[in-house]
Amino acid sequence: MKVKAATLSARSAWLFTFFAFIAGCEGEVECTGTFQQVEGLDRSAIVRALNEELKDDDLRRNFSPWYSWMIDTLTRSENDPSLLFPYQPYDSVMVTRTGFDDQGYFRDEPDETYRLAQKQVDSLSLLLHDPRPYHWAECGTLVETHVIHYYCGGRSVARVRVGCDFRQIVCEPWNRLVRMGGLYGPGGEMLQRILVKREA
């Protein structure tokens, strides 16, 4: 009787492990994404603009290594897209938007979540890999109103936090091509247009 109980217990444990494994496999979603492809990015024009900025004594003195990194990344990424944000494959991009409550405080939960269309993703990619709309400053403490989430197989792989009326972004992981994340006026307006929710 003791042998049967032990056998039954071992069999139950094996069955539990087997079904837990199957359930875990069914819960995983395969990632069919690719690395970032930035169509239409005029790397030559950007590199020329960065070299022109380096003629400024203050910029060269304070940010010369950063400029070298940006120029090197732009040059090498043409053949190696893994050098571009988000630095790994992704298959969808979602946005969460948070607004204010009646007392003027930000809500804890997002007001809405929506998927970006491919055209929006393409425009966003251009903006995130062109340093020219960004400057060497921040707006201050970032109070995010939008968060852009990159997913691969349902798993979050990166995000971009947006605040200061679309004039500041923070890339996670860090993307040096946006300098310190502060956007000039036209750049902020472009980001705002990109993130407008499109009706399905």
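Preceding this section is the structure that the text describes.
Residues numbered from 1 in each chain as written. Predicted model: local features only at pLDDT ≥ 70, side-chain atom pairs only at ≥ 80, totals over all residues. Heavy atoms only, no water.

### Here we look at the packing of aromatic side chains
Point 1. This structure, assessed with the given rule, holds eight aromatic pairs.
Point 2. Judged by centre distance (5.5 Å) and plane angle (90°), the rings of Trp66 and Trp174 are edge-to-face. Of this pair, Trp66 sits in helix α3 (residues 57-76) while Trp174 sits in the loop between β6 (168-172) and β7 (182-183); the two residues are 108 residues apart in sequence, bridging distant segments of the chain.
Point 3. Using a relative accessible area of 14% as the deciding quantity, one classes Trp66 as buried.
Point 4. Aromatic ring contacts, followed pair by pair, group Phe63, Trp66, Tyr67, Trp136 and Trp174 into a single cluster.
Point 5. Geometry around Trp66 places Arg176 over its ring, the cationic atom sitting 5.6 Å from the centre.
Point 6. Here Arg176 stacks its cationic end above the ring of Trp69, 5.6 Å away from the centre of that ring. (Phe/Tyr/Trp six-rings, centres within 6.5 Å; stacked < 30°, edge-to-face > 60°. Helix = DSSP H or I, 4+ residues; strand = E, 2+ residues; numbered from the N terminus. Buried < 20%, exposed > 50% of the residue type's maximum accessible area, 1.4 Å probe, protein only. Lys NZ or Arg CZ within 6 Å of the ring centre and 35° of its normal.)

### Some words on the pattern of salt bridges
Point 1. Applying the stated criterion to the full structure yields 10 salt bridges.
Point 2. Between Arg76 and Asp72 there is a salt bridge, with the nearest N and O atoms lying 2.9 Å from each other. One end of the pair, Arg76, and the other, Asp72, are both in helix α3, four residues apart, so they sit about a helical turn from each other.
Point 3. Taking the relative accessible area as the measure of exposure, Arg76 reaches 44% and is therefore partly exposed.
Point 4. A residue is classified by how much of its surface remains accessible, and Asp72, at 36% relative accessible area, is partly exposed.
Point 5. A salt bridge links Glu172 to Arg161, with the shortest nitrogen-to-oxygen separation between them at 3.2 Å. A residue pair is termed long-range when its members are at least 10 positions apart, and Glu172 in strand β6 and Arg161 in strand β5 (residues 155-163) qualify at 11 residues. (Salt bridge = Lys/Arg side-chain N within 4 Å of Asp/Glu carboxyl O.)

### A few points about the nonpolar core
Point 1. Core analysis: the largest hydrophobic core is formed by 26 residues, its most contacted members being Leu128, Ile148, Tyr150, Val160, Ile169, Leu191 and Leu195.
Point 2. When residues no more than four places from it in sequence are discounted, the contact partners of Ile148 are Val93, Met94, Val95, Leu124, Ala158, Arg159, Val160, Val162 and Leu195.
Point 3. Listed in part, the 16 residues of the second largest apolar core include Val38, Ile46, Phe63 and Leu84. (Core = buried A, V, L, I, M, F, W, Y, C linked by side-chain atoms within 4.5 Å. Contact = heavy atoms within 4.5 Å.)

### Digging into the pairing of β6
Point 1. Where β5 lies against β6, five bridges are found, and the strand directions are antiparallel. Following the sheet pairing, Gly163 is matched in β6 by Gln168.
Point 2. Counting the residues that bridge the hairpin from β5 to β6 gives four residues, and of these Cys164 lies at a positive phi of roughly 55°. (Pairing = 2+ DSSP bridges.)

### So, α3
Point 1. An ideal rise of 1.5 Å per residue puts 28 Å on 20 residues; α3 measures up with 27 Å between its terminal C-alpha atoms.
Point 2. Maximal helix bending in α3 amounts to about 80°, located at Phe63; proline Pro65 follows within four positions.
Point 3. Listed as buried for α3 are Leu59, Phe63, Trp66, Tyr67, Met70, Ile71, Thr73 and Leu74.
Point 4. Of the surrounding elements, those touching the buried residues of α3 are α2 (43-53). (Expected span 1.5 Å × (residues − 1). Bend = angle between axes of the 7 residues up to and from the residue.)

### Digging into the packing of helix α4 (residues 118-128) against helix α5 (residues 185-194)
Each packed pair of helices is defined by two parameters, the angle between the axes and the distance between the axes.
Point 1. Remark: α4 packs on α5, axes separated minimally by 10 Å, with the N-to-C direction vectors making an angle of 160°. Judged by the inter-axis angle, α4 sits roughly antiparallel to α5. The handedness of the crossing between α4 and α5 is left-handed. Contacts from Gln120, Ser123, Leu124 and Leu127 in α4 reach Gly187, Met190, Leu191 and Ile194 in α5. (Axes fitted to C-alpha atoms, helices over the stretch in contact; angles between N-to-C directions. Parallel < 35°, antiparallel > 145°, perpendicular 65-115°, else oblique. Left-handed = near helix turned anticlockwise from the far one by under 90°.)

### Here's the deal with the state of the cysteines
Point 1. Counted according to the given criterion, the structure contains one disulfide.
Point 2. Between the sulfur of Cys139 and that of Cys164 lies a disulfide, 1.8 Å long from S to S. When the S-S torsion is 50°, as for the bridge of Cys139 with Cys164, the disulfide is right-handed. Taken together, the residues Cys139 in the loop between β3 (134-135) and β4 (144-152) and Cys164 in the loop between β5 and β6 connect sequence positions 25 residues apart.
Point 3. Take Cys164: its relative accessible area is 17%, and that puts it in the buried class. (Disulfide = S-S within 2.5 Å.)

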